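Listed below, chain by chain, are the residues.
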Amino acid sequence: MPSSRREFVFGMGAVGAFTLFSSDLFSIDRTEPELILYNGNIWTVNLQQPRAQAVAISGGRFLAIGSNDEVLALAAGKAKKIDLGGKTVLPGFIDAHSHPAEAGLSHLRMVDCDLRSIADILTALRERASKTPPGEWVLGFKYDDTKTSEGRPLTRAELDAAVPGHPVYVQHRGGHTAWVNSQAIKLAKIDDHTPDPPGGKYDRDPATGHLTGHVRETGRETFDKIIPSNFTRDDHREGVRLISRMMTRTGITSVTDAMGTPEDLRAYQDAREAGQLRMRVYCHIYQAFMDQMLAAGVKTGLGDEWVKVGAQKMICDGSISERTARLSQPYIGRPDDFGILVTTEEDLYQQARKAHAAGWQLGTHANGDVGIDTTLRVYERLQKELPRKDARYRLEHCTVVNDSLIARIKALGAIPTPFSTYAYYHGEKMKEYGADRVNHMFALRSFIDAGIRPTQASDYPPGPFEPMMALQSEVTRTDAKGNVWGPQQKITLEEAIRVGTMHGAYASYEENLKGSIEPGKLADLVVLGRDVFKEDPYNIINIPIERTMVDGRWVWES
Ligand SMILES: [Zn+2]
């Protein structure tokens, strides 16, 4: 009921200033609604109006939010009305770190080996081979040696038997290792007597000395180099079309591409122009491509609410799922292994300074506590030398932390983007970090308590992107087998939803544009098949996604 009217004005370029009332009905003075969703259980993630029954939408934006009566009363002659039947509605999810363009291409050309038995994987490869001209490569990705029922890795002999007429290359989910067959080994011109390449390995059977077909790090690159990469501009666009379908059907409405190339940036624009881009993209640009960007005068924020240039991306240390993150204490069971620092601090500083000076946001891959410490030192130095207001330095992943790192992250106003699905999905790899350390990994509880704004992030392909899995993982810290990893970092469901929506918007300077269901914001939302707040927290992953809306239009309907 309209009570004391308090006004505040938001400066939102595309909509213009609008008025917000502190009554039950939150609305903007604009045109009549085109669409009304009513009879919903709406969680807005807007602290001033956390719950509502109905929303009115016009021009791709939320126009009004309130009770059924209030919002339905706005319906003019032509407004379409949809009864949500009491279903739960959340703002669309924001995946703040993943690799959609690259993943889309992989899905186009490679066999998805995320299967639960070696037998199933071999069947899928055989089937692909039957449709592939002889001699051409059969490629697989998302294979995970820890996830198949046989409890052992693929073998070269199995690949030879399943696909005798083609070279085969099956990449691990984490991307750093692969399995190949004999034809592939022949094409790579290596044999049992070839020495390992620097920084890599061709695994050999300890008894016979024969190559096993498992190749690691630069050993994998030997094969990467001989697999023809002949993607056309149209393939890149098609990859984006495909991945944007896949992601939006799980409730994602915005992503950050964490390692964009100029080709990726073009592909997102091509897909959008063709009407095939279903989600919004904030596209980081990898530092190797920055000279071109700087020469063209491009900087963070160029674009619009569909495709926008993100931060400069840099890499400090190694990976969590492949156990190469740079740590201050060694990996469990490997007393001499502290992981890898990929870039020296001085090189990182030089890369960062150039982009920072040109007005770019910075995002640095930093997983281990040493990697994070190094990256923070670079950011702190830049902030001293070239101070910038509201720089929102990003710590991509920011996995293993401690109290002093958290205090520095807070002081700098930096943004961590920790893996959201790893506690649930990659539990079996956590043993190598140890229970103590895992209590300081993907440290959402610590971040939130310190007043830091961490995001939801899948890193797909290495981690699954389904937001419902992210929520379950963050709330329970329990893997699929029931093992608990880092229970002291559990957060509440309400917090996890905020992390996956508002915090993602903040990380891309778009908190006034999206991340909550508020008048004037982009009409991006998801309709769940069951009420997530009433669901058993260990079953959130099974909640069906009924519909996803981006820009006021359904991009997914089950
Ligand atoms: Zn990544």
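Thresholds applied
Residues numbered from 1 in each chain as written. Predicted model: local features only at pLDDT ≥ 70, side-chain atom pairs only at ≥ 80, totals over all residues. Heavy atoms only, no water. Donors = N, O, S within 2.8 Å, 3.2 Å for Na, K, Ca; no water. Helix = DSSP H or I, 4+ residues; strand = E, 2+ residues; numbered from the N terminus. Buried < 20%, exposed > 50% of the residue type's maximum accessible area, 1.4 Å probe, protein only. Polar contact = N/O pair within 3.5 Å; in protein donor to acceptor, adjacent residues only side chain to side chain. Contact = heavy atoms within 4.5 Å. Pairing = 2+ DSSP bridges. Phe/Tyr/Trp six-rings, centres within 6.5 Å; stacked < 30°, edge-to-face > 60°. Right-handed = clockwise from strand over helix to strand, strands pointing away. Axes fitted to C-alpha atoms, helices over the stretch in contact; angles between N-to-C directions. Expected span 1.5 Å × (residues − 1). pLDDT = per-residue confidence, 0-100.

A. Region of interest: the coordination of the zinc ion. In this structure, H97 (NE2), H99 (NE2) and D459 (OD) serve as the protein donors to the zinc ion, at separations of 2.0 to 2.2 Å. All donors of the zinc ion belong to a single chain; written as a sequence motif, their spacing is H-x1-H-x359-D. Taken together, the positions of H97 in strand β11 (residues 93-98) and D459 in the loop between α15 (444-449) and α16 (467-476) put the pair 362 residues apart, joining distant regions of the chain. With a relative accessible area of 0%, H97 lands in the buried category.

B. Quick look at the side chain of H365. Structurally, H365 can be placed in strand β21 (residues 362-366). Residue class for H365 comes out buried when judged on its relative accessible area of 12%. One polar contact links the side chain of H365 to the main-chain carbonyl oxygen of G318, over a distance of 2.9 Å. When neighbours within four sequence positions are excluded, H365 is seen to be in contact with K313, M314, I315, C316, D317, G318, E396 and H397.

C. Inspection of the pairing of strand β8 (residues 61-66) at higher detail. Counted residue by residue, β8 has 6 buried out of 6 residues, so it is predominantly covered. The sheet contact formed by strand β7 (residues 54-58) and β8 spans 5 bridges and is antiparallel. When the sheet's bridge partners are listed, A56 is paired in β8 with A64.

D. How the structure looks around the packing of aromatic side chains. All chains considered together, the criterion is met by 9 aromatic pairs. Between the aromatic rings of Y143 and W179, the centroid separation amounts to 4.9 Å while the plane-to-plane angle is 90°, which identifies the pairing as edge-to-face. One end of the pair, Y143, is in strand β13 (residues 138-143); the other, W179, is in strand β15 (residues 177-180), and 36 residues separate them in sequence. Judged by relative accessible area, W179 falls into the buried class, the value being 4%. Look at Y422 and F442: their rings are 6.0 Å apart centre to centre, the planes differ by 75°, and that puts the pair in the edge-to-face class. Of this pair, Y422 sits in helix α13 (residues 422-425) while F442 sits in the loop between α14 (435-438) and α15, and the two are 20 residues apart along the sequence.

E. Spatial organisation of the pairing of strand β19 (residues 280-286). Summarising burial for β19: 6 of the 7 residues are buried, a large majority. Bridge analysis of strand β18 (residues 252-260) against β19 gives 5 bridges, and the strand direction is parallel. By the bridge assignment for β19, T256 is matched with Y282. Following the backbone out of β18, through helix α8 (residues 262-273) and into the adjacent parallel β19, one traces a crossover that is right-handed.

F. Broad picture of the sheet that holds β21. Pairing within the open sheet is parallel, and its 7 strands lie in the order β11-β18-β19-β20-β21-β22-β23. Across the chains shown, the open sheet's two edge strands, defined by having one partner strand only, are β11 and β23 (415-417). Across this sheet, the average inter-strand angle for adjacent strands is 25°, counted without regard to direction. Strand direction decides the pairing type here: β11 and β18, joined by 4 bridges, are parallel. Each residue of the ladder has a partner; that of S98, found in β18, is D257. Strands β18, β19 and β20 (307-315) of the sheet are contacted by α8, whose axis makes an angle of about 160° with β20.

G. Region of the structure containing α8. Compared with an ideal rise of 1.5 Å per residue, which puts 12 residues at 16 Å, α8 spans 17 Å between its outermost C-alpha atoms and is within 8% of the ideal. Regarding α8, the residues found buried are D264, L265, A267, Y268, D270 and A271. Close packing links the buried residues of α8 with α2 (100-109), α7 (233-248), β18, β19, α9 (290-295) and β20.

H. Summary view of unusual backbone geometry. For the peptide bond that leads from Y460 to P461, omega is 10°, which places it in the cis range. With respect to the secondary-structure elements, P461 resides in the loop between α15 and α16. In this model, K189 sits at a positive phi of 55°, which is unusual for a non-glycine residue. Residue position: K189 is located in the loop between α5 (182-187) and β16 (200-204).

I. Geometry of the confidence of the model for the protein. Confidence in the prediction of the protein, expressed as mean pLDDT, is 93, and 95% of residues score 70 or more. A low-confidence stretch, residues 1-22 (pLDDT under 50), is modelled with 47 contacts involving residues beyond four sequence positions or located in other chains.

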